[in-house]
Amino acid sequence: MFRPARAQAPVRLLALGDSLTAGYGLPQDQGFVPRLQAALGARGRQVRVINAGVSGDTIAGGLARLDWALAENPQAALVALGGNDGLRALPPAQSRAALTGILDRLAARRIPTLLAGMLAPPNFGAAYGQEFAAMFQDLARARPDLVFYPFFLEGVAADPALNQPDGIHPNAKGVEEVVRRILPSVEALLERVPRAPAG
């Protein structure tokens, strides 16, 4: 007897971040999370992107609320934090410890994870910038199971045409560029989500 295939439930993808994830300064449907979900849908992927972006949050703030975010039972996670750590010139060792805590907790739950790196503003000097960038690179190198996207704002940062007047947050066009560039990494992440058994 023919049995129609069951519709697959959408994959739950947690986007843990700050104002860049939350969609600061944009209409609700133009932020990173809804545009990423739309882009994945256009690629035929059933995904519900969970917006766990909190404006102003540091990496330590993300760690502090991670258990709350995990209550959504995500099947994959995109970690995009660090912008505020860099803007405030927080000690990279402090940020690294918090980011290690986030990644350890996700790994303990066997949640496939994409780590999006961040760069510090150049006004804090080259040495600080190098140490800050190395935090993401070193953690990714030590964790081969991670999908690593080196710079969340690649192709968008410092381009006035792609940013809001504050020069920090992408405008709607900038968000589309962020999504376009990170999409292959997100798809690589989704390939690591175990398939639900047919039934």
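Residues numbered from 1 in each chain as written. Predicted model: local features only at pLDDT ≥ 70, side-chain atom pairs only at ≥ 80, totals over all residues. Heavy atoms only, no water.

A. Region of interest: the overall build of the chain. Along the chain, the regular secondary structure elements total eight helices and five strands. Counting from the amino terminus, the chain carries its helices and strands in the arrangement β-α-α-β-α-α-β-α-α-β-α-β-α. With respect to the principal axes defined by its C-alpha atoms, the chain has extents near 70 × 35 × 25 Å. Scored against the burial criterion, the 199 residues of the chain give a buried share of 49%. By element, 55% of the accessible surface of the chain is carried by carbon and sulfur atoms, the whole surface being about 10,100 Å². The chain carries 20 positive and 17 negative side-chain charges, and their two centres are separated by 9 Å. (Helix = DSSP H or I, 4+ residues; strand = E, 2+ residues; numbered from the N terminus. Buried < 20%, exposed > 50% of the residue type's maximum accessible area, 1.4 Å probe, protein only. Areas by Shrake-Rupley, 256 points an atom, 1.4 Å probe, with all protein chains shown as cover. Lys, Arg positive; Asp, Glu negative; His and termini not counted. Charge placed at Lys NZ, Arg CZ, Asp CG, Glu CD.)

B. Summary view of helix H6 (residues 92–108). For H6, spanning 17 residues, the distance from its first C-alpha to its last is 24 Å, which sits close to the expected 24 Å at 1.5 Å a residue. Listed in full, the buried residues belonging to H6 are Pro92, Ser95, Ala98, Leu99, Ile102, Leu103 and Leu106. Projection of H6 onto a plane perpendicular to its axis shows the buried side chains occupying an angular sector of 135°, all on one side. Facing away from the buried surface of H6 by more than 90 degrees, the exposed residues are Ala93, Ala97 and Ala108. Remark: Arg110 follows H6 within two positions and exhibits a positive phi of approximately 55°. (Expected span 1.5 Å × (residues − 1). Arc of directions from axis to C-beta.)

C. Structural view of the pattern of salt bridges. Per the stated rule, a full pass over the model turns up 12 salt bridges. Ionic pairing is found between Glu72 and Arg48, a salt bridge with its closest N-O pair at 3.6 Å. Placement of the pair is Glu72 in the loop between helix H4 (66–70) and strand E3 (76–80) and Arg48 in strand E2 (residues 47–53), with a sequence separation of 24 residues. When its relative accessible area of 37% is taken as the criterion, Glu72 is described as partly exposed. Residue Asp67 is joined to Arg105 by a salt bridge in which the shortest nitrogen-to-oxygen separation is 3.2 Å. Of the two residues, Asp67 sits in helix H4 while Arg105 sits in helix H6, which places them 38 residues apart along the sequence. In this structure Asp67 comes out as partly exposed when scored by relative accessible area, which is 46%. Judged by its relative accessible area of 33%, Arg105 is partly exposed. (Salt bridge = Lys/Arg side-chain N within 4 Å of Asp/Glu carboxyl O.)

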